[in-house]
Amino acid sequence: MKIKMYTIENCIICMRVKQLIVSQNLQIEIIHANEFHIEVLRKKGLRTFPVLKIDEEKYLSGKAAGEYLAINIEELRKK
């Protein structure tokens, strides 16, 4: 499973989720969203951050992204 997390500046939830990813050594690529990323995500109907992109097909944003990490934390740990 390949997961990317898009974050933006001045986003408290983004900062907390990034801390979780690093502290738990999760297999998630963290990307600071630039204007291009933000526009692409908006076209997909995503308006809140952070955004998780799972296997190039599924997107979760905001609270749902954090919940996904919490539920799947064991699977996401680097081996």
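Residues numbered from 1 in each chain as written. Predicted model: local features only at pLDDT ≥ 70, side-chain atom pairs only at ≥ 80, totals over all residues. Heavy atoms only, no water.

Draft legend 1. Spotlight on the pairing of strand S1 (residues 3-7). The buried count for S1 comes to five of five residues, which makes it a mostly enclosed element. Here S1 pairs with strand S3 (residues 51-54) via four bridges, running antiparallel. For Lys-4, the partnering residue across the bridge sits in S3 and is Lys-53. Here S1 runs beside strand S2 (residues 29-32); their pairing, made up of four bridges, is parallel. Of the residues in S2, the one forming a bridge with Tyr-6 is Ile-31. In this fold, the crossover linking S1 to S2 by way of helix H1 (residues 12-23) has right-handed handedness. (Buried < 20%, exposed > 50% of the residue type's maximum accessible area, 1.4 Å probe, protein only. Helix = DSSP H or I, 4+ residues; strand = E, 2+ residues; numbered from the N terminus. Pairing = 2+ DSSP bridges. Right-handed = clockwise from strand over helix to strand, strands pointing away.)

Draft legend 2. Up close: the state of the cysteines. Using the criterion set out here, one finds one disulfide in the structure. Each disulfide pairs two cysteine sulfurs, and for Cys-11 the partner residue is Cys-14, the sulfurs being separated by 2.5 Å. Between Cys-11 and Cys-14, the S-S torsion sits near 75°, and that sign places the bridge as right-handed. You can call Cys-11 buried: its relative accessible area is 10%. (Disulfide = S-S within 2.5 Å.)

This is a description of form; function is not addressed.
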